[in-house]
Protein chains: 4
Amino acid sequence: MSTLKNHVQLIGNVGQDPQITNLESGKKVARFSLATNEFYKNEKGEKIQNTEWHTIVAWGKTAEIIEKYAGKGKEIGVAGKLKSRSYEDKDGVKRYVTEVEANEILLLGVKNGDSQ
Amino acid sequence: MSTLKNHVQLIGNVGQDPQITNLESGKKVARFSLATNEFYKNEKGEKIQNTEWHTIVAWGKTAEIIEKYAGKGKEIGVAGKLKSRSYEDKDGVKRYVTEVEANEILLLGVKNGDSQ
Amino acid sequence: MSTLKNHVQLIGNVGQDPQITNLESGKKVARFSLATNEFYKNEKGEKIQNTEWHTIVAWGKTAEIIEKYAGKGKEIGVAGKLKSRSYEDKDGVKRYVTEVEANEILLLGVKNGDSQ
Amino acid sequence: MSTLKNHVQLIGNVGQDPQITNLESGKKVARFSLATNEFYKNEKGEKIQNTEWHTIVAWGKTAEIIEKYAGKGKEIGVAGKLKSRSYEDKDGVKRYVTEVEANEILLLGVKNGDSQ
DNA sequence: TTTT
DNA sequence: TTTT
């Protein structure tokens with residue numbers, strides 16, 4: 001994957017325990033939400049928090065690390081690429097989703113850096 | 001904006017001339033699609049192209065640069081952050097979109113580097 | 001500063017308490033070493049640690065945050081640009097140094113995210 | 001290599017034809033200077049150019065691409081990691097150098113995108 | 001919808 | 001030493 005052409009990096013907190021799917025091939029897929037929080041002061045000088053939620057997907061070895069270490073609330077770094085895809089929802093409506101396909105995970109604030 | 005917490009970088013080609021909106025405030029908004037192309041060889045040794053399409057939004061000065069220089073087909077670099085938002089479509093269905101809010105544009109392969 | 005043209009990002013541990021210089025202008029400069037640690041297994045399956053040391057320089061507001069929060073041993077993220085410069089050492093030998101000029105600092109593994 | 005822990009990205013122009021070394025193993029090493037140019041206006045409104053020179057090193061397949069396509073003056077993107085090392089110069093003085101070890105090269109402004 |  |  002080219003980090004020059006398509007690269008995303010996020011540092012934030014895992015929204016809930018990742019959903020793990022075991023494929024027939026034996027490969028794992030992990031899927032979860034990550035919150036990135038930015039803080040700024042508005043014109044009144046009040047501290048405002050802006051939270052952005054991202055959907056993260058990971059495959060194989062990266063999914064295994066997520067399953068083991070990246071539980072709800074954990075602070076992690078994610079690097080990967082932006083991917084979009086479409087599907088039909090249960091009402092037959094075409095939906096588009098954009099996800100970050102993670103190929104790297106970094107556990108933060110951890111003494112034993114059991115990251116990828 | 002924190003590039004450590006939420007950062008996207010893309011290099012690709014502009015899909016069509018950007019749509020420019022002039023806000024009442026006098027500020028401009030630019031919106032366009034960017035294609036990032038990756039190439040790989042499949043197991044048969046055939047060259048495969050994988051194109052990903054991204055929605056880019058830019059405000060103010062960055063939008064002005066896009067309007068002037070980033071026409072259809074142009075090769076550009078984009079840096080910014082990932083943002084998601086929801087809206088109701090014309091049938092009242094709630095839709096979610098994820099966009100890259102560009103705060104930096106780089107014109108590539110250009111003799112006169114009139115980039116940001 | 002263009003993150004597309006010249007961008008560095010590091011996550012690691014502060015080597016020693018940053019050296020703070022107060023300029024006559026009242027501006028601060030912070031200078032410190034940051035260690036980035038990578039782990040891999042060699043051909044014998046032994047876990048090897050590879051530590052890279054980086055010189056970080058920061059000015060103004062970023063230097064103040066470093067002075068307050070980025071003491072020895074702290075895990076932080078740094079984003080900025082690569083800069084090189086030359087000087088003459090005490091023996092009159094011309095020396096070249098390459099530094100990361102940080103314009104962003106993120107404190108990691110901290111409950112109260114008092115980062116920039 | 002972890003792009004979260006140690007990542008550099010540059011877009012600029014090749015200073016001179018890369019120096020290629022053929023190792024006994026058959027592997028190639030490429031070494032060259034890359035200029036990144038930033039422009040700003042000073043307080044008098046004059047356009048100022050600030051050029052930063054970087055030393056780039058690449059191994060193996062990346063070195064081969066550089067040898068073929070990244071000649072003097074070419075506009076390229078480089079992604080990789082920051083590495084420092086020391087050596088003794090011809091006068092026995094210990095010297096330190098910081099280099100960008102490229103693991104990705106992108107040829108820009110090229111009709112035939114024969115990049116990595 | 002781009003580009004190669 | 002590049003490029004604009």
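Located above this text is the structure these notes cover.
Here the structure is a predicted model, which means the values were calculated and not measured. (Residues numbered from 1 in each chain as written. Chains lettered and ligands numbered in written order. Predicted model: local features only at pLDDT ≥ 70, side-chain atom pairs only at ≥ 80, totals over all residues. Heavy atoms only, no water.)

Asks: Help me understand the pairing of strand β1 (residues 6-14) of chain C in this model?
Replies: Looking along a regular strand, one sees side chains alternate from face to face of the sheet. By the criterion of burial, β1(C) is predominantly enclosed, with 8 of the 9 residues buried. The pairing of β1(C) with strand β1 (residues 6-14) of chain D spans 5 bridges and is antiparallel. Residue C:Q9 lies in a different strand from β1(D), and its bridge partner there is D:H7. The sheet contact formed by β1(C) and strand β3 (residues 28-41) of chain C spans 2 bridges and is antiparallel. Residue pairing for β3(C): C:N13 is matched across the bridge by C:A35. (Buried < 20%, exposed > 50% of the residue type's maximum accessible area, 1.4 Å probe, protein only. Helix = DSSP H or I, 4+ residues; strand = E, 2+ residues; numbered from the N terminus. Pairing = 2+ DSSP bridges.)

Asks: Would you take a moment to explain helix α1 (residues 60-69) of chain D for this structure?
Replies: Structurally, the α-helix is built with 3.6 residues per turn, so residues lying three or four positions apart point the same way. Inspection of α1(D) places D:G60, D:T62, D:A63, D:I65 and D:I66 among the buried residues, and these make up the whole buried set. Looking at the buried side of α1(D), the elements it contacts are β2 (19-22), β3 (28-41), β4 (47-59) and β6 (94-107) of chain D. (Contact = heavy atoms within 4.5 Å.)

Asks: Which parts of the structure should I look at to understand the pattern of salt bridges?
Replies: Opposite charge on two side chains makes pairing possible when the charged atoms of those side chains draw close. Counting across every chain of the model gives 28 salt bridges over all chains. In this structure, A:D91 engages A:K90 in a salt bridge whose closest nitrogen and oxygen atoms are separated by 3.8 Å. With a relative accessible area of 58%, A:D91 lands in the exposed category. On the basis of relative accessibility, which here comes to 80%, the residue A:K90 falls in the exposed class. Linking B:R95 and B:D89 is a salt bridge whose minimum nitrogen-to-oxygen distance equals 2.9 Å. (Salt bridge = Lys/Arg side-chain N within 4 Å of Asp/Glu carboxyl O.)

Asks: Looking at this model, I keep getting lost on the relation of the copies chain D and chain A. Mind explaining?
Replies: The two chain copies are related to each other by a rotation about an axis together with a translation along it. For the match of chain D to chain A, the screw axis carries a shift of 0.0 Å, the RMSD comes to 0.1 Å, and the turn is 180°. Both copies are brought into coincidence by an operation consistent with a two-fold rotation axis. Of every C-alpha in chain D, the one belonging to D:T3 sits nearest the axis of rotation, 4.4 Å from it. An overlap of 100% is found between the interface residues of chain D and their copies at the interface of chain A, pointing to a shared contact surface. (Least-squares fit on C-alpha atoms with pLDDT ≥ 70 in both.)

Asks: Would you mind showing me how to read the packing of aromatic side chains here?
Replies: For any pair of aromatic rings, the description consists of the separation of the ring centres together with the inter-plane angle of the planes. Overall, the coordinates contain 0 aromatic pairs over all chains when judged by the stated rule. We note A:K47 situated over the ring of A:F39; from NZ or CZ to the ring centre the distance is 5.2 Å. (Phe/Tyr/Trp six-rings, centres within 6.5 Å; stacked < 30°, edge-to-face > 60°. Lys NZ or Arg CZ within 6 Å of the ring centre and 35° of its normal.)

Asks: Honestly, the relation of the copies chain B and chain A in this entry has me stumped. Any pointers?
Replies: Placing chain B over chain A gives an RMSD of 0.1 Å and needs a rotation angle of 180°, together with 0.0 Å of translation along the axis. Comparing interface residues between copies, 100% of those in chain B also sit at the interface in chain A, which points to an isologous, same-surface contact.

Asks: In this structure, what is going on with the environment of C:Q49? I would like to understand it.
Replies: Residues and elements named next belong to chain C. Structurally, Q49 is set in strand β4 (residues 47-59). The sequence separation of Q49 and G77 amounts to 28 residues, and the corresponding C-alpha distance is 19 Å. Q49 has contacts with N37, E38 and F39, leaving out every residue within four places of it along the chain. Within the structure, the side chain of Q49 is placed 2.7 Å from the side chain of N37, a separation counted as a polar contact. For Q49, the side chain forms a polar contact with the side chain of T51, separated by 3.0 Å. (Polar contact = N/O pair within 3.5 Å; in protein donor to acceptor, adjacent residues only side chain to side chain.)

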